[in-house]
Amino acid sequence: MKITVVSPANIAFIKYWGQRESNLVLPCNDSFSMNLSACTTTLEMERVEDPIIQEMQIKLFEKEHYEPATEAQLGKVTAFYKTAKIFLHETKDFGFRIKSSNSFPMKAGIASSASFFSALALAFSKAFNRDLPEKELSILARLSGSGSACRSVPDGFVWWHKGENSPDSFAESIAASDYWDIADLVLVVSTEEKKTGSQEGHGGAQTSEFFNDRMDYLELTLPQIKDAFQKKDFTKFGTIVEEESYNFVNILNTQKPPLNYWTDGTLQCIKEIHNLRKKGTECYFTVDAGANLHLICQKKDMGKLESHLQAIPTVQYVISNLPTQGTHIL
Ligand code: PMV
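Residues numbered from 1 in each chain as written. Predicted model: local features only at pLDDT ≥ 70, side-chain atom pairs only at ≥ 80, totals over all residues. Heavy atoms only, no water.

Novice: Can you explain helix α4 (residues 198-205)? Please cite residues and give values.
Specialist: All of the buried residues in α4 are G201, H202, G204 and A205. One side of α4 carries all its buried residues, which in axial view fall inside an arc of 165 degrees. Across from the buried face of α4, at angles greater than 90 degrees, the exposed residues are E200 and G203. Those residues of α4 hidden inside the fold are in contact with β2 (19-21), α5 (211-230) and α6 (234-254). (Buried < 20%, exposed > 50% of the residue type's maximum accessible area, 1.4 Å probe, protein only. Helix = DSSP H or I, 4+ residues; strand = E, 2+ residues; numbered from the N terminus. Arc of directions from axis to C-beta. Contact = heavy atoms within 4.5 Å.)

Here it is, written out as structure tokens:
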């Protein structure tokens, strides 16, 4: 059996940061995101009878050839295989050969773990001969450890309900990818490896003295952004997105130990985005846990913004994304 799965990365308009249960990857708050058209993982899986065979090869962005995965990378895959087996109540084992390639560079401030693990969740469930409903597939992707992978499963614009327990902490589409003509331009200012991974980062979130304030803030903000989204009120929507990213970064900066990701390049881009807005092009920024910026704009402004942004000296390159479908079989 051979299967090819494609899955997008996603950018959160309201971030997931902090877990109330780390083993089950249960978040402290709901989050809301958009799937990214130019940032996908394509994963081929061949199921083989011999369960001893567990292999993975990776092709990096713009590279010609696949290379064997590192032990650490393969370790995460085999751990998730075990999780999938338990989740699906399966007893029989199989072996696998995986080939994975990304349409975007790693270390570019785009969560490649979300596109990879959502793709892997679908590939493993198919290899176990299961046709999971989307909700179940998102729960399985969440259990990979990269919680935001659950948001890559459904189409377009996606809401992750924090839920009470594991069976109701899942992601669902609140609008299809053609619902709204907005775009995410990723401004890559740094490709340096992050020193702290997201698992460790989530673990520290609640040590910030502002964490409870953030929870109160999100309780008010989540219905507000949903309302702006439903009314397609781009000004209100973008204002909330930008405000929330400052709120999120404040937690990063004040958790113990603090995570300070922004660089001079980040700040320069923020200034430029504010300048462009002052001059009349509506655009707002958001960030992930990193130095690179995501600029949210309307599709009609994409072209002119791209050329402005490319000209910022600290911007290495721009990756332009529209909303797109979720995890699917090719
Ligand atoms: O899913 P993780 O464990 O990689 O954490 C994702 C955290 C952020 O990317 C910073 C925010 C988010 O909601 O995507």
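Novice: If you had to explain the site of the ligand to someone new, which residues and values would you point to?
Specialist: Residues in contact with the ligand amount to 15 residues; listed here are only the nearest, Y16, S148, R151, S198 and D288. Residue Y16 places a main-chain N or O atom 2.8 Å away from an oxygen atom belonging to the ligand. S148 places a polar side-chain atom, nitrogen or oxygen, 2.7 Å from an oxygen atom of the ligand. Protein chains shield 96% of the accessible area of the ligand, which is 380 Å² for the free molecule. The biggest single contributor to the shell around the ligand is α4, with 3 residues. Partitioned by chemical class, the residues of the shell around the ligand number 5 nonpolar, 7 polar and 3 charged. (Near = heavy atom within 4 Å. Polar contact = N/O pair within 3.5 Å; in protein donor to acceptor, adjacent residues only side chain to side chain. Areas by Shrake-Rupley, 256 points an atom, 1.4 Å probe, with all protein chains shown as cover. Nonpolar A, V, L, I, M, F, W, Y, C, P; charged D, E, K, R; others polar.)

Novice: Can you tell me about helix α8 (residues 302-310), naming the residues and giving the values?
Specialist: The complete set of buried residues in α8 reads M302, L305 and L309. The arc that holds the buried residues of α8, viewed along the axis, is 65 degrees, so those residues lie on one side. Those residues of α8 that are buried lie in contact with β10 (182-188), α7 (264-278), β11 (283-287), β12 (293-298) and β13 (317-321).

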